[in-house]
Each structure stands twice: as C-alpha cells, then as structure tokens.
Amino acid sequence: MATCPRGLAPAVRFCQKLNRLKTLEDDMMATSLKRCLSTLDLTLLGVGGMVGSGLYVLTGTVAKDIAGPAVIISYLFAGFASLLAAFCYAEFGARIPKTGSAYMFTYVSVGEIWAFLIGWNVILENMIGGAAVARAWSGYLDSIFNHAIQNFTETHVMRWDVPILAHYPDFLAAGILIVASFFISFGVQVSSYLNHIFSLISMGVITFILVFGFILADSSNWSKKEGGFAPFGWSGILAGSATCFYAFVGFDVIASSSEEAKNPQKAVPIATAIALALAATAYILVSAVLTLMVPWHTLDPNSALSDAFFRRGYSWAGIVVAVGSICAMNTVLLCNLFSLPRIVYAMAEDGLFFSIFARVNPLTKVPVNAILVFGVLMSILALIFDLEALVQFLSIGTLLAYTFVAASVIVLRFQPEKTSSKSASSPNPPAESSGANAESQSIHGDSEEVKQYESFSDKLQLVERQKTKERRGVGQLKARWEPYLGRMLGDAEPGEVVAICVMVVFVSSVSLCSVVVFGSSQLALPVWSLSLLLVIFISAFVISLALIWVHEPQTNTKTFQVPLVPVTPAASILINVFLMLKLSYLTWIRFAVWIAVGLVVYFGYGMWHSKEGLRELQPQDMAARYVVLPSGSLVETVQSVQPEGQVDPSLPDVNPSTAPASDNGTR
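Owing to the predicted nature of the structure, the values given are computational and were not obtained by experimental measurement.

Rules and cut-offs
Numbering of residues starts from 1 in each chain and follows the order in which that chain's sequence is written. Where totals are concerned, whole chains, interfaces and linings use all residues; where local detail is concerned, this predicted model gives features only for residues with pLDDT of at least 70, and gives and counts side-chain atom pairs only at 80 or more. For side-chain calculations, the full set of non-hydrogen atoms in the structure is used, while hydrogens and water are omitted. Numbering of helices and strands starts at the N terminus; helices are DSSP runs of H or I of at least 4 residues and strands are runs of E of at least 2. Summary of the burial criterion: residues with accessible area below 20% of their type's maximum are buried, those above 50% are exposed, and those between are partly exposed, where the area comes from a 1.4 Å probe applied to protein chains only. Two residues qualify as a contact provided that any one of their heavy atoms is within 4.5 Å of a heavy atom in the partner residue. The protein chains shown are the only cover counted for residues, whose accessible areas, like all others here, come from Shrake-Rupley with a 1.4 Å probe. The charged-residue count follows a simple rule in which Lys and Arg add positive charge and Asp and Glu add negative charge, with His and chain termini not counted at all. Take a side-chain nitrogen of Lys or Arg and a carboxyl oxygen of Asp or Glu: if they are within 4 Å of each other, that pair is a salt bridge. What qualifies as a polar contact is a pair of N or O atoms within 3.5 Å, subject to a donor-acceptor requirement within protein and to the restriction that residues adjacent in sequence count only when both atoms come from side chains. Angles shown run from 0 to 180 degrees and are taken between the N-to-C directions of axes, each axis being a line fitted to C-alpha atoms and, for helices, limited to the stretch in contact. Any angle that is under 35 degrees is reported as roughly parallel, and any over 145 degrees as roughly antiparallel; angles of 65 to 115 degrees are reported as roughly perpendicular and all others as oblique. The hand of a helix crossing depends on one turn: near helix anticlockwise from the far one by less than a right angle means left-handed, and clockwise means right-handed. When residues are sorted by character, Ala, Val, Leu, Ile, Met, Phe, Trp, Tyr, Cys and Pro go into the nonpolar class, Asp, Glu, Lys and Arg into the charged class, and all the rest, Gly among them, into the polar class. The way it works is a 1 Å grid over only the protein atoms, where trapped points that fit a 1.4 Å probe form a cavity and open points with protein on both sides within 12 Å along at least five of seven lines form a pocket, and then any residue with an atom within 4 Å of a point lines it. Grid points are joined across faces, edges and corners, and a volume is the space filled by probe spheres set on the points. What makes a nonpolar core is a set of buried Ala, Val, Leu, Ile, Met, Phe, Trp, Tyr and Cys residues whose side-chain atoms join them at distances within 4.5 Å. One less than the number of residues in a helix, times 1.5 Å, gives the span that helix is expected to have. Confidence of the predictor at the level of single residues is given by pLDDT, which spans 0 to 100. Two rings belonging to Phe, Tyr or Trp (six-membered ring only in the last case) form a pair when the distance between their centres is within 6.5 Å. Interplanar angles under 30 degrees mark stacking, angles over 60 mark edge-to-face geometry, and anything in between is tilted.

Participant: Where do I start with the overall build of the protein chain in this structure?
Facilitator: Within the protein chain, the secondary structure is distributed over 25 helices and 2 strands. Taking all 667 residues of the protein chain together, the buried fraction comes to 50%. Across the protein chain, every contact between residues at least 6 apart in sequence was considered, and the portion connecting residues at least 24 apart equals 81%. As displayed, the protein chain offers around 31,400 Å² of accessible surface, 65% of which is attributable to carbon and sulfur atoms.

Structural data, given as structure tokens:
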C-alpha cells in the first residue's frame, strides 16, 4: 500500500475522521425501542404526515401566487420526484430497520459529517414544519369563530410589526404543540392510536370535499376569461413543484419508524408505496376541485377550501372542511413530533449530539427527553415567528435529504459488505469469490462435484453454482468488461470507482441544472456556449452512469430493492437538484446560516464524542514496554491493550534471557 507523505498525513487522517462510516450490529432487529407497529400503522403514519396543512393551506397559496390551476401539474411533478425518493427510502428502511431515516442511511454509506448535516437539516425541517402546521391549525380554528382569537390577542395582549416575527403571539398554536408532546411521550401505541382516529376523520372529510366539490365545479374558472389554466406558464409550474415538495415531506416518517415496526422488511416498502399513492391522489384531486369551485385569483391562502364553500353559499360545508382540516393537521403534528425526537435520539445514540437525548424511558420505551425539549422549542417557534416565508426552507432541506439518500443507495448497492467482528478476528477469514485461492479451489473441486451429481436437476444446480463462482465480487468490474476497461479501472478498490462516479453524477447534475435554470437569464450565455455546456454536462452524467453499471452490484433479494439502479436514484438526484435551484436566494442564505451553525455543533461536540471515533481508537491503543537485557541493551516490545485493559495474549512476551541483542546495543 502506498504511504502518505508525512506533511499530508494529518490532513488525510482528518478527512478519514469526517468520512468514517457507521458500523451496524449483527442483529439488525435488536433495539431498545418497542417493535409494535404494523403495516397499517405505518401507512396511516405516512398518510397523516403528508395530508395536512399542505392540502388545506399550501394548495391555495401555490394556486393563487405561483401556478394558478396548473397547481395540479405541480403536484404531479412533485409527486413523481417524491416517488423516486420514496423508492430509495423504502430500500433503506427495509434493509436497515433503524431509526434516523436519511441521517442513518447517509451514515452507513457516505460518511459521518454528511450524515450529521443531513440529520441537522431534518431536525430543522421537522421543527419548522410542526410549528407551521400548528399556526395553520390555529388559523383554521380562528376562521370558524370569525378571527375572534386573533382580534382579542392583538387588542388586549400584544401586537408588533417586526419583519421576522408574526403580527401577534399565537398562544393557541404553542399550546397545541405542548399538549401533543405530552401525549406523544406516553408511548408509540398511544401516538398510533391517536393518529388512526384523526386520519380516518381526515380521509372522510377529503371524500366529502371531492364529491361535493365536483358537484359545484364550474369549468369556466379555467377559461381564458379568468386567466387560463396555466397563467404563470411553465416557470410557475416548476416553481410550484419546488414548493409543493412541502406536501410530501411526511412519508419519511415511515422510514424513521422502521425500528419500531414488527416486520420492517415487508411493512416499510408496502406502507411507503400506499401512503404516497393516497397522498398524491388526494392533492391532485383536491387542487382540481378548489380551482374549479372559485376563480384561482380570488382564493384565500389562509383557508382556501373552507372559504371556497363559504363563498358558494354553503357555510355548513365550510365548517365541516374546517373541522376536517384541524383533524388532518393534528396527524401532521403527531408525525412531526413522532419522527423528530427519533432522529435526535439516533444522532445522540451515535454520539454526534448531546447524550441526554439518547435516554429512553424504561416504561414507555420512547426518548422522552428529546420529545419534551424539542416539543417546547417547536412551540416557541409557533408562538412568535412568522413561518409563511420559511415554507420554501422546508423544501430545500427535504430535497437535500432526498439527494443524499439517492446517492447512498448507489454507493451501498455497489459497496462490498463489511465482515462481522467475529469473521474479521478469525485467523482464516473467507476469501473473496474473485480471489486466486477461491478460483483454484473451485477448479480443483469441479471434477469431484460432477461425479456426485447424477440427476438432471442436480446438474443444473451445479451449473448455477459454477456460474456464481465465476461472478466477480461486489463493487468490482464485471468480467465481460475486463478486456475493455480492466487496464484503466482494474487497480481500483471495490466500490471506489462507483463512489467517484456518484460524486461526478452529483456535480454534473448541479452544473447541468444551473445552465438550464440560469443560462439564458442571469448568465446570459450565447446559444453556442449554452449548447456546448449542455453537451459536456449531459455526457459526464451519462458516462458516470455507464461506469457504475459495468460494476457488480449486490444481489440481495431478501428485502425490497430500488429498480433500475443506478438510473432511478440518478434521476432522483437530477430532479431534486433542479427543484432546489428553483428556490429563492433568500432560502439559500437561510440554509447556509443553518449549515454553519451545524458545523459548529459537529466540530465542537459531535466529532469528539462520536462512537465510531471511539471504536476506532480502541484497537489502536498500544502499550510499550522496555526490557533491559543483561548486556545493558534495551528492547522495546509493543502489546495491544484490549478494551477490558488486558494485554493481548496473541503477542508473545519477551524473555530477557532469550531475547537477542542488537548489533549496536539498541533497538
């Protein structure tokens, strides 16, 4: 192995610390949490996390200000992009049934610092999402009483005109978050039971909206007289898709709950597919009903659906919708308060976040400290901040998490499985199937195996076994491409070329989408240079996928796997990057500030308390003993210190009477 120059060694070790991977236990089902969730429980959690304020608030906002009636297409695009991401989440949730969702998936495949930043963003995403839903919940309830709560607060309590803060403190929103946190702390079964009740009521109200709304539909509201179907054009549709991602951020609660599922290998993929299909259908149909009932430019963004029924003369229907929206928002609150503490718990359990949040209540089997602390923080956000401008911030955090999960799927699919601690410590570990020893053994045993099999079926089995012996190891170049690419890629470690290609896919996706989004407007590129850049970045993207494809993937069929790898995850990366670039520059500024704060937390605490870092230090602690020989020479013996503090017996001790003396008297 090539040695690193002495001046670069500290930098290399530092980079290795940042990119160390999480070591998973042999028993993936072992957990300190309680496994009690069924497929139905996970499905309703996913539906509850997606169908809430996005349906009752976001639909009206996007339709009026961004896309018009074409919000239907915006939801369709956002749903398709979410489907690609959902495939990746489903594979990881089934393969690695541990809490933490995108954080955990990134940690086991990409590296520690990237996992921390993803988890850091998911924490903020859930906090702002829960606070925004609480304010929407309060606004809908206030609309039922003709804004009496808001008027009373502004008149008798407090009102301020600060750009970042809300116009008045929303005590109702803060109170509902405190109450919800209290119920969540009683355990996962209580949370699931409450979610079932609110989800069933919400789905009943959505059915009522669709049936009664299509009866009141007027196709003239999509006519040119009212501005047409797509008044803001394709630019508005794509910008609406980026914002509509907020509607689908809740499906990752299924992956976050995989450590508490009875049978995560089957339940997580099935629940993810059903929940996403139901949510996408509900969003598309409800947005069609809303824009057909009243002209899109007259919608009330705060309570679009209930206001539409009020304006059509059906005030009682508006009250039904308002009650249904409150129930739907309760499910979103429960899902945010359910998944957020578990992500915090996973990070604290790994040592990257404060250890107080890793404590699990022995009775309820939930991380109570994380639930209560972050529930209070979420209530403070809902109390004083104006969160309407932060909806896009939620989208950028979600899109970034989706991008890293998609990249992690490719990396992990072509990454050789780590040997367990037992096999690693054995004196004769099993050789790779592509090694010379394995090949010689297979050739030597072929003649004897043929004699043992006489039936036709046994001979077929023998042929299949011989084919698998010829198969290259995971992450290595496929045998049929060896004559063409072996000289260029043959010296690389298994999975190394794939990891580099994934990085190229990400960079080329950012470059390609930047040219498409900003090339003709902000950058004002001429046609020839724009075309040349498009050809270069598309070629880099396609060639990287081809190089990934010529390597051997893992063929584990025991759990769900994303189809068409690496095409499906790469398409997810490309779409996510495109939608991120459609967000406003203020969103990117807020994102950069939050990332900077996260880096301070990681380098100040997480990097030094990481359990992976402590695990790496244990076998490297060495004890040096110096033995004085009769001749006066000094011999140094090095013995590794075991975790229990005992000296490794595998290293022989030095007997002063038998140790050879060196020529110069020292060693």
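Participant: Even after reading the chapter, I still don't get the side chain of D41, so can you show me in this structure?
Facilitator: Inspection of the secondary structure assignment puts D41 in helix α2 (residues 39–50). For the buried D41, no salt bridge exists, and the shortest N-O distance to an oppositely charged side chain is 6.0 Å, to K262. One polar contact links the side chain of D41 to the main-chain amide nitrogen of S38, over a distance of 3.0 Å. Every residue in contact with D41, bar those within four places of it in the chain, is listed here: C36, S192 and H196.

Participant: Please clarify how the packing of helix α14 (residues 315–349) against helix α15 (residues 368–384) should be interpreted in this entry.
Facilitator: A pair of packed helices is characterised by two quantities: the angle between their axes and the separation of those axes. One can describe the packing of α14 onto α15 by two numbers: an axis separation of 9 Å at closest approach and a directional angle of 120°. Classified by the interaxial angle, the pair formed by α14 and α15 is oblique. Regarding α14 and α15, the two cross each other, and that crossing is right-handed. Taken together, the residues of α15 that come into contact with α14 (itself represented by L337, L340, P341 and V344) are A370, I371, F374, G375 and M378. Tallied by class, residues from the contact of α14 with α15 come to 8 nonpolar, 1 polar and no charged.

Participant: Help me understand the layout of surface pockets in this model?
Facilitator: In this structure, the largest pocket spans a volume of roughly 1,700 Å³. As for the largest pocket, its lining consists of 44 residues, of which N19, R20, L21, V110 and W114 are closest to the centre. At the level of elements, α1 (9–18), α6 (112–144), α16 (391–413), α21 (496–518), α23 (567–581), α24 (585–609) and α25 (611–617) are the ones that each hand at least two residues to the lining of the largest pocket. Among the elements that line the lining of the largest pocket, the one with the most residues is α21, at 8 residues. Across the lining of the largest pocket, the residue classes break down as 28 nonpolar, 9 polar and 7 charged.

Participant: When you look at the environment of L210 in this model, what are you seeing that I'm missing?
Facilitator: In this fold, L210 is placed in helix α9 (residues 188–215). When sequence neighbours within four positions are dropped, the list of residues in contact with L210 reads L285, V286 and V289.

Participant: Just to check I follow, could you spell out the side chain of N221 for this structure?
Facilitator: When you line up the elements, N221 lands in the loop between α9 and α10 (233–244). Polar side-chain contacts of N221 include one of 2.6 Å to the backbone oxygen of L292.

Participant: What exactly am I supposed to notice about empty space enclosed by the protein here?
Facilitator: Here the structure, examined in full by the defined rule, presents 2 cavities of 30 Å³ or more. At the level of secondary structure, the elements contributing two or more residues to the lining of the largest cavity comprise α2, α3 (53–67), α6, α11 (252–256) and α14. Residue composition of the lining of the largest cavity, by class: 10 nonpolar, 9 polar and 2 charged. Forming the boundary of the second largest cavity are V47, G48, V51, S199, S202, M203, I206 and T331.

Participant: It is not clear to me how the nonpolar core should be interpreted in this structure. Could you clarify?
Facilitator: A general trend in soluble globular proteins is that nonpolar side chains are found buried together. Counting residues in each nonpolar core, the largest one holds 168 residues, and the members touching the most others are L42, Y56, Y89, F248 and F353. The dominant element in this core, judged by the number of residues it contributes, is α6, at 19 residues. Ignoring anything within four residues of it in the chain, the contact list for F353 reads W120, V344, M347, A348, F374, V601 and Y605.

Participant: Just checking my understanding: could you explain unusual backbone geometry for this structure?
Facilitator: Most peptide bonds take the trans form, and the phi angle of most residues other than glycine is negative. Following V565, the chain continues to P566 via a peptide bond in cis, the omega torsion being 10°. As for its position among the elements, P566 is in the loop between α22 (527–549) and α23. Phi angles above zero are rare outside glycine, and K365 is one such case at about 60°. Tracing the chain through its elements places K365 in the loop between α14 and α15. In this model, L564 sits at a positive phi of 55°, which is unusual for a non-glycine residue.

Participant: How should I be thinking about the pattern of salt bridges in this particular structure?
Facilitator: Opposite charge on two side chains lets them pair, provided their charged atoms get close. Under the criterion given, the structure shown has 7 salt bridges. In this structure, D350 engages K22 in a salt bridge whose closest nitrogen and oxygen atoms are separated by 2.6 Å. A residue pair is termed long-range when its members are at least 10 positions apart, and D350 in the loop between α14 and α15 and K22 in the loop between α1 and α2 qualify at 328 residues. Residue K22 is classed as buried on the basis of its relative accessible area, which comes to 11%.

Participant: Explain helix α8 (residues 171–184) here, please?
Facilitator: Side chains three or four residues apart in an α-helix point the same way, a direct result of the helix having 3.6 residues per turn. An ideal rise of 1.5 Å per residue puts 20 Å on 14 residues; α8 measures up with 20 Å between its terminal C-alpha atoms. Looking at the buried residues of α8, the elements they touch are α6, α9, α14 and α15. Residue D170 occupies the N-cap position of α8, its side-chain oxygen lying 3.4 Å from the main-chain nitrogen of L172.

Participant: I tried to follow the confidence of the model for the protein chain on my own but got confused; where do I start?
Facilitator: Residues shown with low pLDDT carry predicted positions that ought not to be read at fine detail. Confidence along the protein chain averages 79 in pLDDT terms, with 80% of residues attaining 70 or more. Contacts for the low-pLDDT stretch residues 419–454, under 50 throughout, to residues beyond four places or in other chains number 27 contacts. Scored below 50 in pLDDT, residues 462–470 shows 10 contacts in the model against residues more than four places distant or in partner chains.

Participant: So what exactly am I meant to see when it comes to the packing of aromatic side chains here?
Facilitator: The way to describe two aromatic rings as a pair is by their centre distance and the angle between their planes. Under the definition given, this model contains 36 aromatic pairs. Between the aromatic rings of W120 and W594, the centroid separation amounts to 4.5 Å while the plane-to-plane angle is 15°, which identifies the pairing as stacked. In this pair, W120 is assigned in helix α6 and W594 in helix α24, connecting sequence segments 474 residues apart. Of the two residues, W120 and W594, both sit in the buried class.

Participant: Any chance you could explain the environment of E125 here in plain terms?
Facilitator: Within the secondary structure, E125 is located in helix α6. Taking the C-alpha atoms as reference points, E125 and L340, 215 residues apart in sequence, are found 8.9 Å from one another.

Participant: Any chance you could explain α10 here in plain terms?
Facilitator: The end-to-end C-alpha distance of α10 is 16 Å, a good match for the 16 Å that 12 residues give at a rise of 1.5 Å each. Turning to α10, its buried residues are G236, I237, G240, S241, A242, T243 and C244.

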